[in-house]
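# An overview of the molecular structure
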Amino acid sequence: MKHERVETNAGLLIILTLAVISVGGLVEIVPLFYINDTVEEVEGVRPYTPLEQRGRDIYVREGCYTCHSQMIRPFRDEMLRYGHYSLAAESQFDHPFQWGSKRTGPDLARVGGKYSNEWQVQHLIDPRSVVPESIMPGYPWLAENDLQYADIEARLRALRRVGVPYSLSEEEYQANVERFGEEVARWLDISRAEENLVAQARAGNYDGDPSRITEMDALVAYLQVLGTMVDFTQYDEGYFVEFR
Ligand code: HEC
């Protein structure tokens, strides 16, 4: 068929355009129905603890994502700067996910453990006190605000409804023991969410003030776990290449 015939015939052009878009659309949409099979399980990846999850809520509330992505692409420059490229499994339990390409600040997918808690707290209160050329705004109120966690169970229940395996029943708890091990299963038990949150904040003392649980405790607990769940030293490059 001569291309001219398509270009000069509006009806034919519309039909062919729709056909092309439909195929393209199906290729993108159909895999979403099989997302559970599409995302490879990777050892170590677990849902966030109640405290980390509250930190994540604050991260979203404060709009950190408007400057920071959490998605390291499989390019040499990104891997040299940020570490191993992100795996689909690593954001498997993220609702909403924090992918993106808007990087006014650096990618944070593997920022966990890069700095001490003290550095994170200081940086969040006053970024320019540790990075003089920084253009990041300060968030001093995070250290002042008490963390609200009376609704933590409801928050985890909501995530459970969209497929994050926080457990409500004994069967779900046992399934988590099998999938993640006893210790993690206990963190994911909704009925113990509040006591778990308090215990982690006390033990971690993320904001340096053991007398209170602040929003800073939660946010730093979250930042410090980012990218640390998978132990990449146990795999060689070849293993994850299959997942790209
Ligand atoms: C206006 C854009 C902007 C916003 C909003 C922003 N940041 Fe940043 N962030 C930056 C820039 C630029 C840097 C690099 C300079 C620096 O380290 O301060 C940075 C650096 C960081 C670093 C250090 C990363 C590294 O690898 O060195 C962390 C951690 C961080 N930001 C966390 C946050 C958190 C948490 C929030 C939300 C409470 C936030 N940022 C909001 C721009 C931003």
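Here's a quick rundown of the structure. These numbers come from a predicted model, not from an experiment.

### Quick notes on the nonpolar core
Considering soluble globular proteins, one finds that nonpolar side chains tend to be buried as a cluster. Grouped together as the largest cluster of nonpolar side chains are 51 residues, with contacts concentrated most on Leu51, Leu124, Tyr166 and Leu223. Elements represented by at least two residues in this core include exactly helix H4 (50–61), helix H6 (117–125), helix H9 (152–161), helix H12 (193–204) and helix H13 (215–225). The leading source of residues in this core is H13, at eight residues. When residues no more than four places from it in sequence are discounted, the contact partners of Tyr166 are Pro47, Tyr48, Gln53, Leu156, Leu159, Arg160, Glu172, Asn176, Leu188 and Ile190.

### Some words on the site of the ligand
The local shell around the ligand holds 24 residues, among which Cys64, Cys67, His68, Tyr115 and Met136 are the closest. Between the ligand and His68, the relevant distance is 2.8 Å, taken from a nitrogen atom to a side-chain nitrogen or oxygen of the residue. Tyr115 places a side-chain nitrogen or oxygen 2.4 Å from an oxygen atom of the ligand. For the shell around the ligand, the secondary structure elements donating two or more residues are H6 and H13. Considering every element that reaches the shell around the ligand, the biggest residue donor is H6, with four residues. Across the shell around the ligand, the residue classes tally to 15 nonpolar, seven polar and two charged.

Definitions and limits used
Residues numbered from 1 in each chain as written. Predicted model: local features only at pLDDT ≥ 70, side-chain atom pairs only at ≥ 80, totals over all residues. Heavy atoms only, no water. Core = buried A, V, L, I, M, F, W, Y, C linked by side-chain atoms within 4.5 Å. Buried < 20%, exposed > 50% of the residue type's maximum accessible area, 1.4 Å probe, protein only. Helix = DSSP H or I, 4+ residues; strand = E, 2+ residues; numbered from the N terminus. Contact = heavy atoms within 4.5 Å. Near = heavy atom within 4 Å. Polar contact = N/O pair within 3.5 Å; in protein donor to acceptor, adjacent residues only side chain to side chain. Nonpolar A, V, L, I, M, F, W, Y, C, P; charged D, E, K, R; others polar.

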